[in-house]
Amino acid sequence: MLGYAFSDFERTFNEMDQLRQRLGRVFGDVDTREFSPDTTWPRTSVYETKDALVLVAEVPGLNEKDLEITLKEDVLTLAGERKLNVPDGYQVHRQERRPARFSRSFTVAHRLASEGLTAELKDGVLTVRLPKQPEEQPRKIQIKAG
Amino acid sequence: MDNGMSTQERNGVQSNRERAEFRPIRSTSAPPVDVYENDEEVLVVADVPGARPDSVVVKVEKEELYITARREADADGRLLAGGRWESEYRRSFVVPRGTDTARISAELSHGVLQVHLPKSPAVKPRVIEIKTAS
């Protein structure tokens, strides 16, 4: 190998070029399942259970301090910000995750209980539970005889 | 099954799982991914909200990196808006040549998965010290 020092050098540099090219298209997806961005962030769902309304929002990377939940009359608002900084000293090959500053409001078409509202953040998913006002019990009206 | 919507209406409130049968299910989805690189490593960052830590699998096989994670179902109840049906995240990539696959590591925090792919010493840039004649 030493005898071919120069061609080895050339080959080495060729390989480095190849590596660079390969890095250029680094992380070409292996399968065809391409990521397609959603139009809104965070992705949010609302469910109704027997005794509560449940709002579920996907907020990966956020912690409690990045989120604000307010309930004013019948409007629930979820606001927050996700900053995405390139880690120090790294160059970017691909950036599909996106920064977001958001405020989403939901009109609540139910009478809510004044207490018992809970919000839980776990594994990047926020779950807000809004307990409904207990339905008024059916009442029997006594008829008085005249 | 053949007439799901009317079944759904008849039964009123059903669980997500039951209702999911009547809808087009995208059972897997490709999480959005960032890829960064410095002299030491290639860093892959993926959003996998709802993925339980014990469900995340990071695997390297034949120069390919596979990321999979299972997602918990949302709360039971009648869906009023939005909705998601994916139960699994799945994404795979070509691992750059020169990756020290034995030292690949990963961590999950707040629904964000970070995979570190360290470079083997052979491909790390090296600055050659220049000796000066005294």
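Residues numbered from 1 in each chain as written. Chains lettered and ligands numbered in written order. Predicted model: local features only at pLDDT ≥ 70, side-chain atom pairs only at ≥ 80, totals over all residues. Heavy atoms only, no water.

Asks: Mind laying out the overall build of chain B, listing which residues take part and the relevant values?
Replies: A count of helical and extended segments in chain B gives two helices and nine strands. Reading the secondary structure of chain B in the N-to-C direction produces α-α-β-β-β-β-β-β-β-β-β. Out of the 134 residues belonging to chain B, those deemed buried represent 46%. Contacts in chain B between residues at least 24 apart in sequence constitute 55% of all its contacts with a sequence separation of at least 6. (Helix = DSSP H or I, 4+ residues; strand = E, 2+ residues; numbered from the N terminus. Buried < 20%, exposed > 50% of the residue type's maximum accessible area, 1.4 Å probe, protein only. Contact = heavy atoms within 4.5 Å.)

Asks: Requested: an account of the environment of Lys 124 of chain B, with residues and values cited.
Replies: Counting through the fold element by element, Lys 124 of chain B comes out in the segment after β9 (112-118). Ignoring any residue separated from it by four or fewer positions in sequence, one finds Lys 124 of chain B in contact with Asp 39, Glu 40 and Lys 119 of chain B.

Asks: Quick one: what's the story with the interface of chain A and chain B, residue by residue and with numbers?
Replies: At the interface, 44 residues of chain A touch 52 residues of chain B. Between chain A and chain B, a total of about 4,300 Å² is buried, with carbon and sulfur atoms accounting for 53% of that surface. On the surface where chain A and chain B come into contact, there are six salt bridges. Here Glu 58 of chain A ties to Arg 71 of chain B by a salt bridge, and the two come within 3.0 Å at their closest N and O atoms. At the boundary of chain A and chain B, one finds 18 residue pairs in polar contact (both at pLDDT 80 or more). Counting only elements with at least two residues in the side of chain A that touches chain B, the list comes to α1 (5-24), β1 (44-48), β2 (52-58) and β5 (91-95) of chain A. Looking at side-chain class alone, the side of chain A that touches chain B contains 18 nonpolar, 13 polar and 13 charged residues. (Buried area = accessible area lost by both parts, 1.4 Å probe. Salt bridge = Lys/Arg side-chain N within 4 Å of Asp/Glu carboxyl O. Polar contact = N/O pair within 3.5 Å; in protein donor to acceptor, adjacent residues only side chain to side chain. Nonpolar A, V, L, I, M, F, W, Y, C, P; charged D, E, K, R; others polar.)

Asks: So what's going on with the nonpolar core? Residues and values would help.
Replies: Membership of the largest hydrophobic core comes to 18 residues, with the highest contact counts inside it found for Leu 55, Val 59, Leu 67, Leu 78, Phe 102, Leu 126 and Leu 130 of chain A. Elements represented by at least two residues in this core include exactly β2, β4 (75-82), β6 (100-107) and β8 (125-131) of chain A. With residues near it in sequence (within four places) discarded, Phe 102 of chain A still touches Trp 41, Pro 42, Val 59, Leu 62, Leu 67, Leu 78, Ala 79, Gly 80 and Glu 81 of chain A. The next biggest cluster of nonpolar side chains, apart from the first, holds 17 residues, and it includes Val 48, Ala 51, Leu 65 and Ala 69 of chain B. (Core = buried A, V, L, I, M, F, W, Y, C linked by side-chain atoms within 4.5 Å.)

Asks: Give me the lowdown on the packing of aromatic side chains, citing residues and values where you can.
Replies: What characterises a pair of aromatic rings is the spacing of the ring centres plus the angle enclosed by the ring planes. Residue and element names in this part refer to chain A. Throughout the structure, instances matching the rule amount to one aromatic pair over all chains. Geometrically, the ring pair formed by Trp 41 and Phe 102 is edge-to-face, given 5.7 Å between the ring centres and 65 degrees between the ring planes. With Trp 41 in the loop between α1 and β1 and Phe 102 in strand β6, the pair connects residues that are 61 residues apart, well separated along the chain. In this pair, the class of Trp 41 matches that of Phe 102, namely buried. (Phe/Tyr/Trp six-rings, centres within 6.5 Å; stacked < 30°, edge-to-face > 60°.)

Asks: Give me the lowdown on the confidence of the model for chain B, citing residues and values where you can.
Replies: A low pLDDT means the predicted coordinates there should not be read in detail. All names here are of chain B. Counting all residues, the mean pLDDT for chain B is 79, and 76% of those residues have values of 70 or more. Here helix α1 (residues 4-11) stands out as the element of chain B with the lowest mean pLDDT, 37, in contrast to β9, whose mean of 96 is the highest. Within the model, the stretch residues 1-24 combines pLDDT values under 50 with 27 contacts to residues more than four positions away or in other chains. What the predictor reports for the complex is a pTM of 0.71 with an ipTM of 0.71. (pLDDT = per-residue confidence, 0-100.)

Asks: Break down the environment of Leu 117 of chain B for me, with residues and values.
Replies: Residue and element names in this part refer to chain B. On the secondary structure map, Leu 117 appears in strand β9. On the accessibility criterion, Leu 117 (0% relative accessible area) is buried. Placed 77 residues apart in sequence, Leu 117 and Glu 40 show a C-alpha to C-alpha distance of 8.6 Å.

Asks: Report on the sheet that holds strand β4 (residues 57-61) of chain B, specifying residues and quantitative values.
Replies: Residues and elements named next belong to chain B. Taken in spatial order, the four strands make up an open sheet running β1-β7-β5-β4, and their pairing is mixed. One side of each edge strand has no neighbouring strand; the edge strands of this open sheet are β1 (28-29) and β4. Sheet analysis places β4 next to strand β5 (residues 64-70), joined by five bridges and oriented antiparallel. Bridge pairing links Val 57 to Thr 68 in β5. (Pairing = 2+ DSSP bridges.)

Asks: Residue-level account of the confidence of the model for chain A, with values.
Replies: Residue and element names in this part refer to chain A. Here chain A shows a mean pLDDT of 78. Residues at 70 or above account for 70%. Taken element by element, the predicted model of chain A shows its lowest mean pLDDT in α1 (52) and its highest in strand β7 (residues 118-122) (94). In this model, residues 1-7 is a region of pLDDT below 50 whose contacts with residues beyond four sequence positions or in other chains number two contacts.

Asks: If you had to explain the sheet that holds β8 of chain A to someone new, which residues and values would you point to?
Replies: The strand order across the open sheet built from five strands is β7(A)-β8(A)-β2(A)-β1(A)-β6(B), with neighbouring strands paired in antiparallel fashion. On the outer flanks of this sheet lie β7 of chain A together with β6 (78-81) of chain B, each paired with one strand and no other. The average undirected angle you get between the axes of adjacent strands in this sheet is 25 degrees. Pairing of β7 of chain A with β8 of chain A involves five bridges; the strand directions are antiparallel. When the bridges of β8 of chain A are listed, Ala 119 of chain A appears paired with Val 128 of chain A. (Axes fitted to C-alpha atoms, helices over the stretch in contact; angles between N-to-C directions.)

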